[in-house]
Amino acid sequence: MKYFHFVMSAFPFVVLFSLLWATSAHADESFLECLSLHSNDSSSISKVIFTPNNSSYSSVLESTIRNFRFTTPSTPKPLVIVTPLHASHIQATIYCSRKHGFQIRTRSGGHDFEGLSYVSEAPFVIVDMVNLRSVDIDVENKVAWVQSGAVLGELYYNIANRSNTLAFPAGLCPTVGIGGYLSGGGYGILFRKYGLATDNVIDAQLVDVNGRVLDRKSMGEDLFWAIRGGGGGSFGIVVAWKIQLVSVPATMTVFTINKTLEQNATKLVHRWQSVAPKLPDEFYSGITLTRVNASEDGKETILASFHSSFLGGTDELVPLMQERFPELGLAREDCIEMSWIESILYMGNLPNETLNILLDRTYQSPLLSPSFKSKSDYVRKPIPEIGFQGIWSSLFEEEGASASISFIAYGGIMDEIPETATPFPHRAGNLYKIVYNVGWQEDDNMISQRYISWIRRLYSYMGSFVSKSPRQAYINYRDLDIGINDEGTTSFAQASVWGRKYFMNNFDKLILVKTKIDPENFFRHEQSIPLLFH
């Protein structure tokens, strides 16, 4: 689709432009003029443009900043925020940003771990997808169209309102935006049964650098492949996704068992490595490691929280666990039967009085601190028992008080899906994924380097126990420590340093797709897919 220029009569144009300019003494005048000229409905686009002098600018900017590490006075701010109501607003913003030399950062839910959906060192515009968040469920055909600005909670709420035996295999944090989530893969409590969220995307609507609105057929299979796990911000702006819903039983079972070091946690965690990846596909199994005060004497210890969900009832779960992992000591009274949607609330530590919590886009998930730094790893061989002593030592350091380490078991259908099926390559051969997280309060941003140094030391210690050549990482847990692009001139070799960690050999195909769809590298950021010939 080519751009269509809708030229207004002189009087409405003067009125509109005066209104726009009155809201900002800083935004580029010709850029605002360009937006008004290149939108299908110039009066509607004026309602979705926010510039620094607009009274709503700060509240719109801060509305979905999920990591307060990027709310400091020195954090770069956008020249303009556009909250499009339809694709023509996106088309106009792309056209005018290219013309005036501004970068675009696209934000769905604001959960990019390094803030790349709303921060840039170069002059930039944010396309905030908050107004494009419709969810259309087709129960009969088990599919849904969901726009990129919707959050997981909104999708789940709509599914649950239509069926108690349909679900979508995505994550636990309800405020994560669909756009960024599906762009990077997306895993959740159903992924060992049904694969990643992006494995269940069957169509999409994307606006490319030339303003064309493309679906799966018109974009072609290579680009459709790339946007399902190749990371956001490289190929265009995805407006909406068609997803395949999956079947779940009306009743499933969850449990959480907590063990401290004094209760044999080290041996149990070590044993879990060999058990969890071989459990039936119906299992999700994870461990969260934190430092706590022991209830007996107030002495600090390490708590290993074993949490699982199971697509079945207690009568089936308990004997299976007693056979496979008797050391854990699971008993019937540890198990709770519930629906899939209730399991999302339970596993995500969400209040469960009502499903309305899923619609609260301002909810601060207890899974993350206000400010934080995260890193990820993949484990292909069990860590020896002695290796956990270094992890415990790290958690006992001062900064470890606000840290967590999570293990998420792989196996199941993830062993069967080829690593080339989507850009996400971390399939067969991985026992589990590790997520390291350290958090702090916003007031401590001035000493954030202490916490960041702590997690880097832990990550360095773990190097001998995790995947190698490359040391794999998960794109949705973005980590700029593993490498970044130079502005505009990144070489294949330089980008491969971080690219192969996220995508392994799929990185080569991603570069070819990028070079074809965006040959001038307009859509770019610190870890965007680069061009082949730079």
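Residues numbered from 1 in each chain as written. Predicted model: local features only at pLDDT ≥ 70, side-chain atom pairs only at ≥ 80, totals over all residues. Heavy atoms only, no water.

### Brief notes about the environment of Tyr432
Part 1 of the reasoning: Residue position: Tyr432 is located in strand β18 (residues 432–440).
Part 2 of the reasoning: The spacing of Tyr432 and Pro277 is 155 residues in sequence and 7.1 Å in space, taken between C-alpha atoms.
Part 3 of the reasoning: Look past the residues within four positions of Tyr432 in its chain and what remains in contact with it is Trp272, Gln273, Asp377, Tyr378, Val379, Ile383, Phe407, Ile408, Ala409 and Tyr410. (Helix = DSSP H or I, 4+ residues; strand = E, 2+ residues; numbered from the N terminus. Contact = heavy atoms within 4.5 Å.)

### Focus on the confidence of the model for the protein chain
Part 1 of the reasoning: When pLDDT is averaged along the protein chain, the result is 93; 94% of the residues meet or exceed 70.
Part 2 of the reasoning: Per-residue pLDDT stays below 50 along residues 1–26; that stretch engages in 50 contacts with residues further than four places along the chain or on separate chains. (pLDDT = per-residue confidence, 0-100.)

### What about the sheet that holds strand β5 (residues 135–138)?
Part 1 of the reasoning: The antiparallel open sheet is built from 5 strands, whose spatial order is β5-β6-β10-β8-β9. One side of each edge strand has no neighbouring strand; the edge strands of this open sheet are β5 and β9 (213–214).
Part 2 of the reasoning: Note that strand β8 (residues 201–207) and strand β10 (residues 237–244) share 6 bridges and pair antiparallel. If you follow Val201 over to β10, its bridge partner there is Ile243.
Part 3 of the reasoning: Relative to the sheet, helix α5 (residues 87–100) contacts β8, β9 and β10, its axis offset from that of β8 by approximately 55°. (Pairing = 2+ DSSP bridges. Axes fitted to C-alpha atoms, helices over the stretch in contact; angles between N-to-C directions.)

### A word on the environment of Pro78
Part 1 of the reasoning: Relative to the helices and strands, Pro78 is located in the loop between α4 (57–62) and β2 (80–82).
Part 2 of the reasoning: In this structure Pro78 comes out as buried when scored by relative accessible area, which is 2%.
Part 3 of the reasoning: Pro78 has contacts with Pro52, Tyr57, Leu61, Phe124 and Ile126, leaving out every residue within four places of it along the chain. (Buried < 20%, exposed > 50% of the residue type's maximum accessible area, 1.4 Å probe, protein only.)

### Examining the pairing of strand β4 (residues 124–128)
Part 1 of the reasoning: Of all 5 residues that make up β4, 5 are buried, and the element is covered over most of its length.
Part 2 of the reasoning: Side-chain alternation along β4 places Phe124, Ile126 and Asp128 on one buried face and Val125 and Val127 on a second face that is also buried.
Part 3 of the reasoning: Of the strand pairs in this sheet, β2 and β4 are connected by 3 bridges, and their pairing is parallel. Across the sheet, the residue bridging to Val82 is Val127, located in β4.
Part 4 of the reasoning: Note: strand β3 (residues 103–107) against β4, 5 bridges, orientation parallel. Counted as the bridge partner of Arg105 is Ile126 from β4.

### Overview of the packing of helix α11 (residues 265–275) against helix α14 (residues 388–396)
Part 1 of the reasoning: At their nearest, the axes of α11 and α14 sit 11 Å apart, and the two run at 125° to each other. Judged on the interaxial angle alone, α14 and α11 are oblique. Relative to α14, the crossing made by α11 is right-handed. Contact residues: Thr266, Val269, His270 and Gln273 in α11; Phe388, Gln389 and Trp392 in α14.
Part 2 of the reasoning: Of the residues in the contact of α11 with α14, the class split is 3 nonpolar, 4 polar and no charged. (Parallel < 35°, antiparallel > 145°, perpendicular 65-115°, else oblique. Left-handed = near helix turned anticlockwise from the far one by under 90°. Nonpolar A, V, L, I, M, F, W, Y, C, P; charged D, E, K, R; others polar.)

### Overview of the state of the cysteines
Part 1 of the reasoning: Under the defined criterion, the tally for this structure stands at 1 disulfide.
Part 2 of the reasoning: Bridging Cys34 to Cys96, the disulfide has an S-S length of 2.1 Å. An S-S torsion of about -90° defines the bridge between Cys34 and Cys96 as left-handed. You can see Cys34 sitting in helix α2 (residues 29–37) and its partner Cys96 sitting in helix α5, a full 62 residues away along the chain. Both residues of the pair, Cys34 and Cys96, count as buried. (Disulfide = S-S within 2.5 Å.)

### Description of the sheet that holds β18
Part 1 of the reasoning: Ordered by their spatial adjacency, 7 strands build an open sheet running β15-β12-β14-β13-β17-β18-β16, and the pairing between neighbours is antiparallel. Every other strand in the sheet has two partners, leaving β15 (335–338) and β16 (371–379) as the edge strands with one partner each. On average, adjacent strands in this sheet sit at an angle of 20° to one another, irrespective of strand direction.
Part 2 of the reasoning: Taken together, the 7 bridges between strand β17 (residues 403–409) and β18 define a ladder with antiparallel strand orientation. Across the sheet, residue Ala403 finds its bridge partner in β18, namely Val438.

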